[in-house]
Every structure is written in C-alpha cells, then in structure tokens.
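Spelled out, the chains give:
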Amino acid sequence: MKIYLLILSLFFSLSFSQDEGYIWPTDASKTVTAFFGEMRPNRYHTGIDIRTFGINGKEIYAIEDGYVYRIGISNHKYGNVLYLKLKDENIAVYSHLDRFNPIIQKAARQIQDQENSYSIDYFLEPGLINVNKGDIIGYTGDTGGLSGPHLHFEIRDKINQPINPFNTNLKDFFIDNIAPIPQSIAFIPKSDSTLINGTYFSKNFELIKKDNNNYHLQDTLNIIGDFGIAIQIIDKVNGQPFKYGIYSLELFIDSMKTYEINFDLTSFEQSNQLYLERDYELYTSKNEEFYRLFKSEFEKNYFVDDSSLEKINTEPGLHSFKILAKDIRGNQTEISGYFKNQNTLQPKYDYYQLKNGKWKIDFHNINEIQDFKSALHSSKNNIEDKIITDYVIVNDTSLIISNSNNTFNVLEFYLQYSNNRTEKNYILLDEDPININGDFFINHNNQGLSVNFIEQEFSNKVPYLSFSKGENLFKRPMYRNNKNVLTSDLFSAAEFLELENLSINYDDDFIISKKLEFQSMLTLPQSFNQKTFKNGQISISHDKHTFFDTTLVYITHPPIKNFNNQSIIAPFYIGPSSIPFNKPLDLSLFLPSQKDLTHMLVCSYDKNKNDWIPLNTKIDLINNNLETEIRSGAIIGVIEDKNKPKIRSIVPRKNATYLASDIDRFNIEITDDFAGVNFDNGIELILNGKKILTGFNVFQKKIIANVKGDTKLGENNYKLTVYDNANNKNQIEGFFYIKEQIE
C-alpha cells in the first residue's frame, strides 16, 4: 500500500552549516546519558541517549540529506520513531518522539487510518518524503519504553546493523579527556579443578590507583588451572554527571594479547550474546557489571575479536597481566598485576584465649610470618560490618589478637611467608555455638552445580555433604566460600540429576536434619523437553537451544526467608540463576483448588524491591492453568489482583464547552497499582459512536487519542473502557459540547 502526498519534500530548513559530516541530531542538549554497547536487560544498547532535561518538544534534525525510510508508532520500545535513509546509505534512527513534523505526522495518520491501527511499522518508498541536512523532522518526547524523556538516537549501516554513532564526527560535539575508571577485578575458574588463592570460587579484588591512567592489583595471586579475568569499569565525560560504558578492552598475559573487544558494530540477532560477554553469574549474584576478558565457547559476538581466547592457562611460575581500556575519544587506562601458577598453603595452627582476654595463634607449618592480612567480622550472616584487627607478631610463628569482642568475633586472615601465601581462613574467637541453623541453595554456573549452605551464625566447623546415588552413600568435603557460606565440589548436570537424600553433617556432633528438597530436569541444546513437578501442579517445557549447553533446570524452596508472601500458592524457586537463558522457559501452573483464575497473575519475586513483579500471564479457564514465560532463575508465586485500574484527570471535562480548535486530543490519566494497564488491547475509546485509534504513553500514564476531525458542533458523547493485565475493568462515560468559532 502506498501513501501519496501532495507535497513530496520538506520545504522548511534551518540555517545549518553544510560542512562535511553529520550535524548533531537535536537542539535539546549536547549531554549524552548513555553510550553505544552498554548493557540493558537481555540486550545491548544500540545507540546513544541524548538528554532533554525532562522537556518534550525539542527539535530534532536530519543529520544529513536523505529521505524518510520508515515510520513507527508503538506503545512499546521505540515509541514514535523515525528512520532516515541518508545519502551515504546509513540509516539514522530517532526514537521516543513526541510527534513528527507536520508533513510526516500527516503521513503517519494516513497510515494509521488505512491500517486501522494505532501501532504501525511502515516502510516508505524512496523520494516520497525527502529531507535536507538540518531540516526539522520531529520533536523529542517520552513515548515507548523508557524511564524518562530523552532522545534515543542510532546510526545503522545499509543492512540495518547498528554502528557506534561516535565512530563518526558526532564524537567531536563533546569534550572528553577523562580515562576509563576501573572499579574492581575478578578472577573466574574455568574448570572444576581450578584454584584461585586456594579456593574453587570466583574472587573479586579492589584495585590500587597509581594515577589517573594506571591502576594495579596489590597482591600477587596464586592460581592453579584454567581461569578467566573480568573487569568492572566505567567511563566519565567532562562536565557530565553520568557513568558510561567503555569503547574497547585488551588483555595481555605475559605481553601476549589473549582478548580484545571493540564496540563498533552489532546486529539485532546478537542480543543473546550479551550475557556471554558480560559475566552473568556476577551480575545475578552481586548486581554488578563485569566485562569478561575471555570468550565463551558459544560466543559469536561481532564486538569480540576472533583471535580472543576462551581461557588462560600458564606454566608454573610468576606471570603478569595487563589490561588496556579505552573510551571512544582514545583516553586510555592501564590495569596491571601479577599472579603465580602455584598452590597456596593451608596453614596449621592452634589458637587459644589468654588470661587478659586476648587471643594467641601459633602456626606450625610456617617458618616466618612476613605479613598478616586480616579483619574481624560478626558471626551473624546478616551483619556485614567489619573492623581492622589489632595484632602483634610476637615471634616468627605466633601472633596475638587484642580487639575481638562479642560483636566482632570472627577472624578472617591469610599469611604471607617466603614469597608465598596461605589460603584464607576463618576462626571464631569466642565459644562455639550450641546450635547450627541455615539454609540450602543450589548454584548452577557454566562449570557445574554446587550445593551451598548458608549458616545463620558462623559455626567454626567445616561439614560434609552427604548424599546417595542408587544404593550407595557418599560423603564429600565442603569448603568455606566466605564467612557464612559453605560450598560443595562441583557436579556436572548429569551427575547432579542422580543425587538423592542431600544433607549436611558437621562431624559427629552436629547433624543438620533439614533435607534439600528439589526436583529437576535435564535440558539438552538440541532437544525439546517437558516435565511436570509437584504431582502435576507445575509444568515446565523448553524449545531447542533454550540454553547454550547441557543445563539442569530445577525446582526447590526459595533461597531467602522473610519475604513479602502474598502468594496464594507456596512460592517456589526455579533455577538456574547463574546461567543465561538463550530462550525463555514455558511455565504452566495447575491450580485445581481455585474456582476462578480470572484475576490471577504469575509473579516473580524481586529481592531488592521486596515485592512481587507480575509476569505476562495467560489464563486457561477450562484446564485451570496459568501460563507464562521466564527468562532467568526466579522465585515464583501467584497473586490475585481484583483492583480495577483508575481513570482520572479527565479532559474534556464532563458537561464542559470548548471550541473545536481546543480539543484535538483527549488527555486522560490511567494508572494501575499492581497488574499494570493492558495498553496493548485493553483500552477502547468510543467518540460519537466511532472507535478512536488509541495509544498509551507509559511514562506519563496517559492515553494518546487524536480526535481532530472526529468532534462535532453541539453535544459529543464518549465512552472509555480500560482493562488491566489482571482482567479488571473500569469504564467511564461522559459528554461535552463544541461551540462555533466566533471570528
């Protein structure tokens, strides 16, 4: 279908320089709030965000000669969006707009009417609407999916692949001489036998700043086996208050480059690469963003150089690492340090309290204490504060701790000796607890699965994991991952599937009788699978390639206590949480005891907000099922919501009189406290018997309804019907009057 306009080009232009290169796309500001390649939920940020300071209606300009190539209008994602095909064949994208210029707006309205749809995504023929560099093509806004008004701007190549806009002359519109700023560095095991400072777990370390362009890792690490490095790092720009992603990273091990990434070009088919390139386990467990400096086995990312390695493996001895981080203006930071391919020592010692209340530690397998790194913690799991240890080294193998107390009574320490170091240890400088209580959780990452036990109070003991496989009983040692967390060896997904009767045993004195209840299913990348759990109450199915590798999907108790439990079913946890999903899992809940599912929603629990978050739920009333999709490990519950959406701030006002020129759109606010407004197909506006094409501004929480030409002189009647996502309905009816314009 073609859209024919009487005017085929825009005749209004601004006085901009026609020099070579693009012009800045808006007069809103030169302040950029987000860069290309930054992390967003389940995708990369494919453009730049330009600040509008909360104001709508700032002009946007054609950055180069070209024509309008595509027009989009939606309640989601880009909102009102305009695509220009430029004379160099690149595509400029302007999104979240309030409106287009009059000619483009007229074309968009024609398309909506012809397709009888508020939402459109329409490709125009070349030459239908031409633009010159500097022409006003629209105005900034807050439509679509966003957290506040801004202009999201992209440049794509001729085959629609997003490219970094700052790889053009656009980067010359702002000043930046601030180098990237590293926050911390992580060392990540890449095999089930890797030891990092004597433990099997990822370790994070703070970095020491030498100057604005150089940072280093203070301690020399001991690493045995295959491993990877990840860096937490941000960029800053002169005079701007925001934190940004960086442009490039390189890793060198002993002067040999092992990894390189440059945020130049991507594809919309590469969204699934994000959580292979950023460390997903650190993101989900610590809510921190780390750039991995090693490739995943399954990674096919345009950003990552093909020569990059999947892991680091070195010969015995001392080794160096160097990371070069650059921003888009070439400002560079270097991060460096050393590690040894060498085992750490498990220290042997006795400790006891002296008559003066101080504690003495005598080491038996250390010749000379060269340094003592330590801190005092609370024994309670929910107290994270710590204090500096006051200690005195009394001879080559002994020291005295003088400032432990009832609150800070757990000593964390390691020793440096003879150019080596011990493993980290924890000891209780107090009486051992009478009881030991805690909770299980399963961690499933790319290396395998482990059983973890979180002690409510530091036990000063190291337990065994007991389990059965068939008729055989097994005991495996556990390791203290940190003060209150004990972790088992890693199991493969297939091995873990066979484990039964899991329990924790503390020598012969303490037995944790709490059993780890879980059910699981094995998912293979090349296979579809479906399984029911909890006597048929829960059904999980998945498509091929839901995960990149063989993965165990499991159901168990929620890993937290004391959460806001409004769920009408017992909440349960679906894992894994430390492995990225490539596709969603399909989840179905059978609720035979519930007579009416009409207003029920499957929800996931947000630990940070301490609240339930509704998921997109389909209701099968015939089979009494609720169906949804999940894209990550989650605590799942069901919430019933019978509160109808609220309709307020209504303009036109009931029984009011207006001039026709005063009412070109309705201004009505719609809110819903939990389920959310169903703005896809749950809003209907009838004016004078005619259905009006109606959208929804998610940020403003207002309907978008253009009624120009649909009002009439005299009385005008309307009816607005609104549903939320829990099928609750609200409806208002009203009337207003239009009077003649007096010349």
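Counting from 1, residues in each chain are numbered in the order their sequence is written. Only residues with pLDDT of 70 or above have their local features reported here, since the model is predicted, and side-chain atom pairs are shown and tallied only from 80 upward, although totals for entire chains, interfaces and linings are computed over all residues. Side-chain numbers come from the whole structure's heavy atoms, not from hydrogens or water.

**Q** Lay out the overall build of the chain with the relevant residues and their values.
**A** Each helix is a run of H or I in the DSSP string that is no shorter than four residues. Each strand is a run of E no shorter than two, and both are numbered from the N terminus. Looking only at helices and strands, one finds four helices and 62 strands in the chain. Projected onto its principal axes, the C-alpha coordinates of the chain cover approximately 100 × 70 × 55 Å. The rule is simple: take the accessible area with a 1.4 Å probe, protein chains only, and divide by the maximum for that residue type; under 20% is buried, over 50% is exposed, in between is partly exposed. Buried residues in the chain amount to 53% of all 743 residues. Accessible surface, the chain as shown: approximately 34800 Å² in total, 45% of it carbon and sulfur. For the chain, the distance from the average position of its 77 positive side-chain charges to the average position of its 94 negative side-chain charges is 3 Å. Per-residue and other accessible areas follow the Shrake-Rupley method at a 1.4 Å probe size, with only the shown protein chains counted as cover for residues. All tallies of charge rest on Lys and Arg as positive and Asp and Glu as negative; His and the ends of each chain are not included. For charged residues, the charge sits on one atom: NZ in Lys, CZ in Arg, CG in Asp, CD in Glu.

**Q** How would you explain the packing of aromatic side chains if you had to name every residue and give the values?
**A** Stacked, edge-to-face and tilted are the three classes for Phe, Tyr and Trp ring pairs, Trp counted by its six-membered ring, which pair at centre distances within 6.5 Å; planes under 30 degrees apart are stacked, over 60 edge-to-face, the rest tilted. Using the criterion set out here, one finds 40 aromatic pairs in the structure. For the pair phenylalanine 35 and phenylalanine 174, a centre-to-centre distance of 6.3 Å together with 40° between the ring planes defines the contact as tilted. Of this pair, phenylalanine 35 sits in the loop between strand E1 (32-34) and strand E2 (39-40) while phenylalanine 174 sits in the loop between strand E13 (162-163) and strand E14 (181-189); the two residues are 139 residues apart in sequence, bridging distant segments of the chain. A residue is classified by how much of its surface remains accessible, and phenylalanine 35, at 6% relative accessible area, is buried.

**Q** Explain the side chain of asparagine 301 to me, and be specific about the residues and the numbers.
**A** The residue asparagine 301 is located in the loop between strand E23 (291-292) and strand E24 (317-326) in this model. N or O atoms closer than or at 3.5 Å make up a polar contact, with two conditions inside protein: a donor-capable atom paired with an acceptor-capable one, and, for residues adjacent in sequence, both atoms drawn from side chains. In terms of polar contacts, asparagine 301 uses its side chain to reach the side chain of tyrosine 44, at 3.0 Å. Here phenylalanine 303 takes part through its backbone nitrogen, which lies 2.9 Å from a polar atom of the side chain of asparagine 301. Ignoring anything within four residues of it in the chain, the contact list for asparagine 301 reads Tyr44, Gln270, Gln273 and Glu277. A contact between two residues is defined here by any heavy atoms of the two lying within 4.5 Å.

**Q** Go over the pattern of salt bridges with me, naming the residues and quoting the values.
**A** Here, a salt bridge means any Lys or Arg side-chain nitrogen found within 4 Å of an Asp or Glu carboxyl oxygen. The full count for this structure, using the stated rule, is 25 salt bridges. With its nearest N and O atoms 2.7 Å apart, the salt bridge here joins arginine 70 to aspartate 121. On the criterion of sequence distance, the pair formed by arginine 70 in strand E6 (residues 66-73) and aspartate 121 in strand E9 (residues 120-123) is long-range, its members being 51 residues apart. Among the residues examined, arginine 70 registers a relative accessible area of 13% and is labelled buried.

**Q** Tell me about the nonpolar core, and please be specific about residues and values.
**A** Judged by nonpolar contacts, the single largest core of 47 residues is most densely connected at Ile71, Leu84 and Tyr94. Residues enter a nonpolar core if they are buried and are Ala, Val, Leu, Ile, Met, Phe, Trp, Tyr or Cys, with the set joined through side-chain atoms within 4.5 Å. Residues Met39, Tyr215, Phe227 and Ile231 belong to the second largest nonpolar core, which totals 36 residues.

**Q** Please give an account of the side chain of threonine 26 that cites residues and values.
**A** Along the chain, threonine 26 falls in the segment before E1. By relative accessible area, threonine 26 is classed as buried at 3%. Here glutamate 59 takes part through its backbone oxygen, which lies 2.7 Å from a polar atom of the side chain of threonine 26. Apart from residues lying up to four places away in sequence, threonine 26 is in contact with Ile50, Lys58, Glu59, Ile60, Tyr61, Thr140 and Leu151.

**Q** Could you give me a rundown of the sheet that holds strand E20 (residues 227-234), with the residues and numbers involved?
**A** The four strands lie next to each other as E16-E14-E20-E23, forming an open sheet whose pairing is antiparallel. Looking at which strands have only one partner, the edges of the open sheet turn out to be strand E16 (203-206) and E23. Here two bridges tie E20 to E23, and the two strands are oriented antiparallel to one another. Within E23, the residue paired with alanine 230 across the bridge is arginine 292. Paired strands are those between which DSSP finds at least two bridges.

**Q** Tell me about the sheet that holds strand E51 (residues 618-620), and please be specific about residues and values.
**A** Spatially, E44-E45-E48-E52-E51 is the arrangement adopted by the five strands of the open sheet, whose pairing is antiparallel. In the strand order of this sheet, the two ends are held by strand E44 (529-533) and E51, each with one partner. The mean inter-strand angle of the sheet, taken between neighbouring strand axes irrespective of direction, is 20°. Comment: axis = line fitted to C-alpha atoms, over the contacting stretch for helices; angle = value between 0 and 180 degrees taken between N-to-C directions.

**Q** An account of the environment of tyrosine 94 is requested, with residue identities and associated values reported.
**A** Structurally, tyrosine 94 can be placed in strand E8 (residues 91-100). In this structure, the C-alpha to C-alpha distance between tyrosine 94 and serine 593, residues 499 residues apart in sequence, is 50 Å. Among the polar contacts listed, one links the side chain of tyrosine 94 to the backbone nitrogen of isoleucine 63, at a separation of 3.2 Å.

**Q** Pulling in residues and values, what's your account of the environment of threonine 407?
**A** Residue position: threonine 407 is located in the loop between strand E31 (398-401) and strand E32 (410-417). Expressed as a C-alpha distance, the spacing of threonine 407 and asparagine 667, which sit 260 residues apart in the sequence, is 58 Å. The contact partners of threonine 407, leaving out residues within four places of it in the chain, are His377, Ser378 and Ser379.

**Q** Before we move on, can you summarise helix H1 (residues 102-115) with the specific residues and values?
**A** A helix's residues, less one, multiplied by 1.5 Å, set its expected span. Taking 1.5 Å of rise per residue, 14 residues should cover 20 Å, and H1 covers 20 Å from first to last C-alpha, within 8% of that figure. The complete set of buried residues in H1 reads Ile103, Ile104, Ala107, Ala108, Ile111 and Gln112. Next to the buried residues of H1 lie E6, strand E7 (80-86), E8, E9 and strand E11 (136-140). Two or three places before isoleucine 103, at the start of H1, stands the capping residue asparagine 101, its side-chain oxygen 3.1 Å from that residue's backbone nitrogen. Once H1 ends, the next one or two residues include asparagine 116, with phi positive near 50°.

**Q** Mind laying out the confidence of the model for the chain, listing which residues take part and the relevant values?
**A** Per residue, pLDDT measures the predictor's confidence, with a range of 0 to 100. Averaged over every residue, the pLDDT of the chain is 92; the share at 70 or more is 96%. Low pLDDT, under 50, characterises residues 1-18; the stretch is placed with 48 contacts to residues that sit more than four places away or in other chains.

**Q** Lay out unusual backbone geometry with the relevant residues and their values.
**A** Note on backbone geometry: most residues besides glycine have negative phi, and most peptide bonds are trans. Cis geometry marks the peptide bond from glycine 575 to proline 576, where omega comes out at 15°. Among the structural elements, proline 576 can be located in the loop between strand E47 (572-575) and strand E48 (585-590). Backbone torsion omega between valine 651 and proline 652 reads 20°, so that peptide bond is classified as cis. Within the secondary structure, proline 652 is located in the loop between strand E54 (646-651) and strand E55 (657-659). Here the phi dihedral of serine 649 falls at roughly 50°; this positive angle occurs in a residue that is not glycine. Residue class for serine 649 comes out partly exposed when judged on its relative accessible area of 49%.

**Q** Any chance you could break down the pairing of strand E39 (residues 479-482) for me, citing the residues and the numbers?
**A** Judged from the three bridges that link them, E39 and strand E40 (residues 485-487) form a sheet pairing that is antiparallel. Each bridged residue has a counterpart across the sheet, and for arginine 480 the counterpart in E40 is leucine 486. Count of turn residues in the E39/E40 antiparallel hairpin: two residues.

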